[in-house]
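Residues per chain, in single letters:
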Amino acid sequence: MDDDLLAEDFEAHRGHLRAVAYRMLGSLGEADDAVQETWLRLSRSDAAAVDNLGGWLTTVVGRVCLDMLRSRRSRREDPAGEHLPDPVVGPADGAADPEQQALLADSVGLALLVVLETLAPAERLAFVLHDMFAVPFEEIAPIVGRTPTASRQLASRARRRVRGSGPAPEPDPVRRREVVDAFLAAARGGDFDALLAVLDPDVVLRADDGTAPGGLRVVRGAAAVASQALRFRQAARSERRHVLVNGGPGLVTMVDGRPVSLLAFTVAGGRVAGIDVIADPDRLAGLGPVLLGG
């Protein structure tokens, strides 16, 4: 096949491949690396012999991501520890660019990606490829080195973990915004009782400020999260911009025109069930143009 034509065909699949890799890796940079490696493998193969290019590319990017997950897991001191994935941030009006729309075609929230981070690599691959992209287990099996039946069991275990991770998020964006606004009003007023009323009893706060051991500070329970009201009170009084974070409600807080934190909210059952905070200056710097409205 002509090189230019092959590159054109690959570009037609790039958005899909990046979406697969992002769900697999939770890192935008690593997702781009995985897509690039997939292109290199395609360019070195006999593309003319590939009957279904889309399926072939999905399988290859899945295999690349699996290798990257296993390598990452072997380097971590605590491979089961929670990690806050890279967010996909867009304007609050939902006018995301085509690249963002491809990444979030099925509204994969940040909270779900946190759960996926706790899965074993083979479980994550089986769940992502089958449940999110409808890849048959017969095609997943050779990637993970299992039978189709065993691959189905991997996805089933992952599915149970996902379903048991918390209540289903509120689908109505208007209702989500109302709940977040109620939380911010309570935080701004320092009203502990109002905070308790708007927080789910099992709410989880995850914060990455770049200083906590392991990279993530986790606070669980309404009372414990409400006790952090002073921090949110300060944020609520700062300049703020509503955004969408992985399709859900989010907030950027600014000081002197500089983003100092990004908050992502999970709303379920009329209450805030999760708050994910990125305050690591290095991570915020990578999101700078988006956070600044550029």
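Nothing here was measured: the structure is a model prediction, and the numbers come from that model. Every chain is numbered on its own, with residues counted from 1 as its sequence reads. Local features in a predicted model are, by the rule used here, given only for residues with pLDDT of at least 70; side-chain atom pairs are given and counted only at 80 or more, and totals for whole chains, interfaces and linings are based on all residues. Excluded from the side-chain calculations are hydrogens and water; all other atoms, namely the structure's heavy atoms, are used.

Examining the overall build of the chain
Put simply, the rule is: For helices the rule is a DSSP run of H or I covering at least 4 residues; for strands it is a run of E covering at least 2, with both sets numbered from the N terminus onward. Only protein chains enter the accessibility calculation, which uses a 1.4 Å probe. A residue is then buried if its area is under 20% of the maximum for its type, exposed if over 50%, and partly exposed in between. In what follows, a contact means two residues having at least one pair of non-hydrogen atoms within 4.5 Å. Values of accessible area rely on a 1.4 Å probe in the Shrake-Rupley scheme; residue burial ignores everything except the protein chains shown.
Check the secondary structure of the chain and you find 14 helices and seven strands. Looking at the chain residue by residue over its 294 residues, the buried ones come to 47%. Contacts in the chain between residues far apart in sequence, at least 24 positions, make up 63% of those at least 6 positions apart. Per element, the accessible surface of the chain, about 13,700 Å² overall, is 51% carbon and sulfur.

Here we look at the packing of helix H3 (residues 53–75) against helix H6 (residues 121–132)
The cut-off we apply is this: Lines fitted to C-alpha atoms define the axes here, with helix axes fitted over just the stretch in contact, and angles between the N-to-C directions of these axes take values from 0 to 180 degrees. For classification purposes, angles smaller than 35 degrees are called roughly parallel, those larger than 145 roughly antiparallel, those between 65 and 115 roughly perpendicular, and all remaining angles oblique. A crossing counts as left-handed when the near helix is turned anticlockwise from the far one by less than a right angle, and as right-handed when that turn is clockwise. Throughout, the ten residues Ala, Val, Leu, Ile, Met, Phe, Trp, Tyr, Cys and Pro are labelled nonpolar, Asp, Glu, Lys and Arg are labelled charged, and all others, Gly among them, are labelled polar.
At a minimum axis distance of 9 Å, the contact between H3 and H6 shows a crossing angle of 150°. Taken together, the axes of H3 and H6 lie roughly antiparallel to each other. In this structure, the crossing between H3 and H6 has a hand that is right-handed. Where H3 approaches H6, its residues Thr 58, Gly 62, Arg 63, Leu 66, Leu 69, Arg 70, Arg 72 and Arg 73 are matched on the opposing element by Pro 121, Ala 122, Arg 124, Leu 125 and Leu 129. Among the residues forming the contact of H3 with H6, the class breakdown is six nonpolar, two polar and five charged.

Quick look at the environment of Val 115
Structurally, the position occupied by Val 115 is in helix H5 (residues 110–117). For Val 115 and His 83, which are 32 residues apart along the polypeptide, the C-alpha to C-alpha distance reads 9.1 Å. Setting aside its immediate chain neighbours within four residues, Val 115 contacts Arg 161, Val 162 and Ser 165.

Here's the deal with unusual backbone geometry
We note that Ala 134 has phi near 55°; this positive angle belongs to a residue other than glycine. Its location among the elements puts Ala 134 in the loop between H6 and helix H7 (137–144).

Observations concerning the pattern of salt bridges
Rules: Every case where a carboxyl oxygen of Asp or Glu lies within 4 Å of a side-chain nitrogen of Lys or Arg is listed as a salt bridge.
Inspection of every chain in the model, using the stated rule, returns 14 salt bridges. A salt bridge links Arg 157 to Glu 123; its shortest N-O distance comes to 3.1 Å. Here Arg 157 is found in helix H8 (residues 148–163), whereas its partner Glu 123 is found in helix H6, with 34 residues between them in sequence. In this structure Glu 123 comes out as buried when scored by relative accessible area, which is 11%. With a shortest N-O distance of 2.8 Å, Arg 283 and Asp 208 are connected by a salt bridge. Taken together, the residues span a long stretch of sequence, with Arg 283 in helix H13 (residues 281–286) and Asp 208 in strand E2 (residues 199–208) at a distance of 75 residues. The pair Arg 283 / Asp 208 is uniform in exposure class, with both members buried.

Some words on the sheet that holds strand E1 (residues 89–91)
Our working definition: DSSP bridges decide pairing: two strands pair if at least two such bridges lie between them.
If you trace the seven strands from one edge of the open sheet to the other, you get E1-E4-E5-E6-E7-E2-E3, paired in mixed fashion. A strand with exactly one partner marks an edge of an open sheet, and here the two such strands are E1 and strand E3 (217–220). For this sheet, the mean angle separating the axes of adjacent strands, direction not counted, is 25°. Bridge count between E1 and strand E4 (residues 239–245): three bridges; the pairing is antiparallel. By the bridge assignment for E4, Pro 91 is matched with Val 243.

A short note on the packing of aromatic side chains
Applicable threshold: Under the pairing criterion, centres of Phe, Tyr and Trp rings, with the six-membered ring standing for Trp, must be within 6.5 Å; the plane angle then separates stacked pairs below 30 degrees from edge-to-face pairs above 60, leaving the rest tilted.
Going through the model one piece at a time under the given rule, you end up with two aromatic pairs. Seen in terms of ring centroids, Phe 10 and Trp 39 are 5.2 Å apart; in terms of plane orientation they differ by 55°. Their pairing is tilted. Here the residue Phe 10 occupies a position in helix H1 (residues 3–25), and Trp 39 occupies one in helix H2 (residues 28–43), the gap between them amounting to 29 residues.

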